[in-house]
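One-letter residues, chain by chain:
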Amino acid sequence: MPTTNITLSLEIWRQKDSKAKGDFETYKLSNISTDMSFLEMLDVLNEQLTREGSDPVAFDHDCREGICGMCAAVINGIAHGPEPETTLCQLHMRHFDDGDTLVIEPFRSRAFPIHKDLVIDRSSLDRIIQAGGYTSVNTGGTPDGNSTPIPSATAELAMDAASCIGCGACVASCPNSAAMLFTGAKISQLSLLPQGQPERKERAMAMVTAMDKEGFGNCTNERECEAVCPQGISIRHIARMNREFVKASFFA
Amino acid sequence: MELKSNVPEGPLAEKWDNHRFSSKLVNPANRRKYSIIVVGTGLAGASASATLAEQGYEVETFCIQDSPRRAHSIAAQGGINAAKNYQNDGDSIQRLFYDTIKGGDFRSREANVYRLAQVSNSIIDQCVAQGVPFAREYGGTLANRSFGGAQVSRTFYARGQTGQQLLLGAYSALARQIKTGKVTMHTRKEMMELVLVDGKARGIVTRDIITGKLETYSADAVILATGGYGNAYFLSTNAMASNVTAAWRAHKKGAGFANPCFIQIHPTCIPVHGSFQSKLTLMSESLRNDGRVWVPKKPGDTRRPGSIPENERDYYLESKYPSFGNLVPRDVASRNAKEQCDDGKGVGTTNLAVYLDFAEAISRDGEATILKKYGNLFQMYEKITDSNPLHEPMMIYPAVHYTMGGLWVDYNLMTTIPGLFAIGECNFSDHGANRLGASALMQGLADGYFIIGTSIAGYLGSTEQDIVDNGHKQFSDAKKSVQDRIAKLLRSSEGGPAGKLTVDEIHKELGLLLWDHCGMARNKEGLEKALAELPAIQKKFWDNVYIPGTGEELNQSLERAGRLADFLEFAEIMILDALDRAESCGCHLREESQTEEHEAKRDDAGYSHVAVWEYQGEDGVPKLHKEQLLFETVTPSQRSYK
Ligand SMILES: Cc1cc2nc3c(=O)[nH]c(=O)nc-3n(C[C@H](O)[C@H](O)[C@H](O)COP(=O)(O)OP(=O)(O)OC[C@H]3O[C@@H](n4cnc5c(N)ncnc54)[C@H](O)[C@@H]3O)c2cc1C
Ligand code: SF4
Ligand code: FES
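What you are looking at is a predicted structure, and each value in this text was computed from that prediction instead of being measured.

### Looking at empty space enclosed by the protein
Leftover empty space is mapped by rolling, across the atoms, a probe with the size of a water molecule. Residues and elements named next belong to chain B. One pass over the full model with this rule turns up 13 cavities of 30 Å³ or more. What the second largest cavity holds in volume is close to 150 Å³. Taken together, 14 residues line the second largest cavity, and the ones lying closest to its centre are Met192, Leu489, Leu558, Gly562 and Arg563. Among the elements of the structure, strand E6 (189-197), helix H6 (245-252), helix H12 (473-491) and helix H15 (556-580) are those that each provide at least two residues to the lining of the second largest cavity. Tallying contributions element by element places H15 first for the lining of the second largest cavity, with five residues. Partitioned by chemical class, the residues of the lining of the second largest cavity number five nonpolar, two polar and seven charged.

As structure tokens, this is what we get:
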């Protein structure tokens, strides 16, 4: 597709801080190269706002390569925007048309308070991991890496789950604000691997409990999470988590 | 400034053992009485925080991002080296050591590099135990690939997401310690200043990124794990928040800064495509295992790559370096790409690109095999460029990637400030003048998991210190200086934006100056010109930058401005260092010092040293000190990849 320049109308959620009541503001932006990334388009807007003496739009980002999980916004109702398996930072403007209106708002969830504009607090996801998303091994004295063979297919499955970037799009897209895909991915990764076996039950119990405590909702099989997940994480991992949880509660 | 490397006695292979034996320890029951600050949660900081907490210390850890898991390390793609010799292809600790020191063009400290190779194997074991899903062979053993010019297969990987998986491993260990309460985690808090009491590092001043509140924290030792300074160039492969601030603040308080001009420019990045560009994306160099680099033989050839017949293509790396071919080290590959483009043979709309072609590998191994190896990289490339590498060769160009320079540290990873340690990319490290692929992850985790614990115990066990808390005057003074600095940053914005410049505009100007004169090839004239032009950019910044908003709120322009202010000061020693080192070595090519075949020509008689810069106050001229490099077991040779 050849590069062109497009004009856009942006409706962006502006909220001064966590206490303020936010609202949408409209901005016109022209001369946007279709080679730009979505965040570069926001950079251009922010340069423009800065030069006008207005407050630029606060948004989170860091790697701009689709791996750190920091960028996050809902574009026209879809977390991370319209391209499948693509984070906001990897979304390019060639997927939009001249004259489009883009509604841009933060990921919304009870468990993700808004700090400012598009910047949210996702520490609840960290606390789920803290509850048990690890193997309890200290540094040093671990056995040789090749002492336990792991079938290549198992390692690949675990890797599918492990590739979660912790962005929270699954939560933002879920009508129940569930963090099942995120939590399921971690539980699944560790329950697939031999290293995760010793704490398998405690882990499932602890992480699911933490998830509930943070105010995330329950899964009612809407599959919205899978549809927006930039890493293409499958809801099969939710099923595996549920099995792990049931087994753990049964034997508890 | 005294540079005591504190390299232990004994034969090279026994130094680390000897050192651990003679080093002071802290009794397990006493460790909880000590508190340690760790700034940074990349591979180095997360692994150090977790390990020290497991050992019983009270740890306070800080990072800029909203979660420790998002540190820049997450983006590393290709892999991590270790001397396991699982492939039985002749690898050993000695060989990994030798490759690393040779790859660094003999500008690193022998004993440190040897130790790195020694602990490399334990890193893999540690990560496997954490549940890092490394790639496996069908029989279930760990898979390896050859990477970045190594002639053995010693690189462990997890698809093209090795950094992510290693960091998530370290992050999970950290999470476990946060849960136990041994680590107090402070996210979205940026270190703004180092606090010294009686000449020792005893704490930091931070700014809460959400509220703008300044806070002080005290400890018995401070560890910086704040990453590299590649973003001085504005465009680099580093994450947007990567910065020199923490290291620079430490430098201004007395920490020597070593080899600031050693900057790695990575050969395989997606070329720049517009002035709006905010960062450059790396395409892992593992691609060079199967991709062939070429340009059209005829300058100015604008045909599509597919229409250029074989005999009109110049596979310049293969013809020039028959034994290494496309796998020559990064600096060599980057310089050759630049040379081709300078000769008018560059491709793409800007003529600043070369091809990386997979056609032969695809016809040999089939699409499925190539996709299994590089699928996610191909996808990323296509997302950005809208072109599919299965059908058309990639276009690549070198980009700033990694900084070998950093805070000078001794064998214990302690800076010239007692009690201040530097680990990971932010120290001047074990990579000399050029880092080999897959060695930064190794070094970050070696420092954090396996070395810093010994150093911290050695330091605390042998140092008498008073009990200090943040009520001490040094803390309130430091906090005041940060307050003043923020006020100074905001001063030029008082009259509104008219006639002013944005932070990014000035940053781009600095970046261009450095790229043009202190980039892939340097010469005296250009460096002197850069040095002469730098003050005007600095002045423009302080007089003319416009930063909207205040210091008491989430203000991303202010954050960037603070980091840029430090880059602007830091750039001076980068250029001075490049100027002073009149030899070429590794990534540092001084055009005046080349062999007849245009390879970097070292001058061991004149420059076999680490250049360490000491801050001399606002108006002072930075002072150069030298740590002479003495090689006990290796003989520096001219690198040749022919
Ligand atoms: C795209 C890419 C690919 C790479 N691929 C590889 C590879 O395949 N193999 C390899 O070996 N190496 C690779 N590298 C290099 C490697 O990733 C880095 O050198 C390494 O991860 C650095 O780790 P670190 O822990 O030192 O620092 P970082 O990961 O950069 O972490 C820095 C931390 O410090 C914090 N911080 C910084 N400043 C402050 C401050 N002022 N206050 C508070 N916190 C602060 C940040 O928040 C962050 O947590 C790659 C690099 C890039 C850019
Ligand atoms: S499961 Fe997918 S959508 Fe949810 S946090 Fe992980 S990567 Fe993001
Ligand atoms: S900025 Fe890192 S995933 Fe988008």
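After that view, the rundown keeps rolling.
### Quick word on the sheet that holds strand E14 (residues 354-357) of chain B
All names here are of chain B. Within the open sheet, the five strands sit side by side as E11-E15-E14-E12-E13. Their pairing is antiparallel. Sheet topology places strand E11 (263-269) and strand E13 (313-314) at the edges, where each strand pairs with a single neighbour. In the sheet, E14 pairs with strand E15 (residues 394-403) via three bridges, with the strands oriented antiparallel. Each residue of the ladder has a partner; that of valine 354, found in E15, is isoleucine 396. Sitting on the sheet, helix H8 (residues 330-342) touches E11, strand E12 (292-296), E13, E14 and E15, and the angle it makes with E11 is about 65 degrees.

### Things to note about the domain arrangement of chain A
Residue and element names in this part refer to chain A. As far as domains go, chain A holds domain 1 (5-105) and domain 2 (123-250). For domain 1 and domain 2, the distance between their C-alpha centres works out to 30 Å. Together, the buried faces of domain 1 and domain 2 total about 760 Å²; carbon and sulfur atoms form 64% of this surface. Its largest share of buried area at the contact with domain 2, domain 1 owes to Ala79, His80 and Glu85, together 49% of the area lost on that side.

### With respect to the domain arrangement of chain B
All names here are of chain B. Split by domain assignment, chain B resolves into domain 1 (32-262 + 404-462), domain 2 (265-401) and domain 3 (473-612). Taken together, the contacts link 49 residues of domain 1 with 51 residues of domain 3. Interface of domain 1 and domain 3: buried area, both sides summed, is about 4,100 Å²; carbon and sulfur atoms make up 64% of it. Area buried by domain 1 at its contact with domain 3 is led by Arg107, Tyr233 and Cys261, which between them contribute 19% of it. For the interface between domain 1 and domain 3, the tally reads six salt bridges. With its nearest N and O atoms 2.8 Å apart, the salt bridge here joins aspartate 604 to arginine 107. Summed over the shared surface of domain 1 and domain 3, the number is 19 residue pairs in polar contact (both at pLDDT 80 or more). Secondary structure elements with two or more residues in the side of domain 1 that touches domain 3: E6, strand E7 (200-208), strand E8 (214-218), H6 and strand E10 (257-258). Counting residues per element, the side of domain 1 that touches domain 3 draws most heavily on E6, which supplies six residues.

### Digging into the sheet that holds E6(B)
Residues and elements named next belong to chain B. What the three strands build is an open sheet, ordered E6-E7-E8; its pairing is antiparallel. The open sheet has two edge strands with one neighbour each: E6 and E8. The average angle at which neighbouring strand axes cross in this sheet is 25 degrees, direction not considered. Relative to E7, E6 is paired through eight bridges, and the arrangement is antiparallel. By the bridge assignment for E7, valine 197 is matched with lysine 200.

### Focus on the environment of Ala530(B)
Residues and elements named next belong to chain B. Along the polypeptide, alanine 530 turns up in helix H14 (residues 524-544). Overall, the relative accessible area of 1% leaves alanine 530 in the buried class. In the structure, alanine 530 is positioned 12 residues away from cysteine 518 in sequence and 7.9 Å away in space, judged by C-alpha atoms. Beyond its immediate stretch of four places on either side in the chain, alanine 530 contacts Leu513, His517 and Ile575.

### Examining the packing of aromatic side chains
All names here are of chain B. Applying the stated criterion across every chain, the model contains 22 aromatic pairs over all chains. Between the aromatic rings of phenylalanine 97 and tyrosine 114, the centroid separation amounts to 5.1 Å while the plane-to-plane angle is 65 degrees, which identifies the pairing as edge-to-face. Of this pair, phenylalanine 97 sits in helix H3 (residues 93-103) while tyrosine 114 is found in helix H4 (residues 110-130), placing the two residues 17 residues apart along the sequence. Here phenylalanine 97 matches tyrosine 114 in class, with each residue buried. A ring pair is formed by tryptophan 248 and phenylalanine 570, whose centres lie 5.7 Å apart and whose planes are at 75 degrees; its orientation type is edge-to-face.

### Regarding the layout of surface pockets
Estimates place the volume of the largest pocket at around 1,200 Å³. Listed by contribution, the elements that provide at least two residues to the lining of the largest pocket are helix H3 (152-162) and helix H8 (236-251) of chain A together with helix H10 (367-385) of chain B. Ranked by residues supplied to the lining of the largest pocket, first place goes to H10(B) with 11 residues.

Reading the values: rules and limits
Residues numbered from 1 in each chain as written. Chains lettered and ligands numbered in written order. Predicted model: local features only at pLDDT ≥ 70, side-chain atom pairs only at ≥ 80, totals over all residues. Heavy atoms only, no water. 1 Å grid on protein atoms, 1.4 Å probe; cavity = no way out; pocket = protein on both sides within 12 Å on 5 of 7 lines; lining within 4 Å. Points joined across faces, edges and corners; volume = space filled by probe spheres on them. Helix = DSSP H or I, 4+ residues; strand = E, 2+ residues; numbered from the N terminus. Nonpolar A, V, L, I, M, F, W, Y, C, P; charged D, E, K, R; others polar. Pairing = 2+ DSSP bridges. Contact = heavy atoms within 4.5 Å. Axes fitted to C-alpha atoms, helices over the stretch in contact; angles between N-to-C directions. Domains from an automatic or database assignment. Buried area = accessible area lost by both parts, 1.4 Å probe. Salt bridge = Lys/Arg side-chain N within 4 Å of Asp/Glu carboxyl O. Polar contact = N/O pair within 3.5 Å; in protein donor to acceptor, adjacent residues only side chain to side chain. Buried < 20%, exposed > 50% of the residue type's maximum accessible area, 1.4 Å probe, protein only. Phe/Tyr/Trp six-rings, centres within 6.5 Å; stacked < 30°, edge-to-face > 60°.

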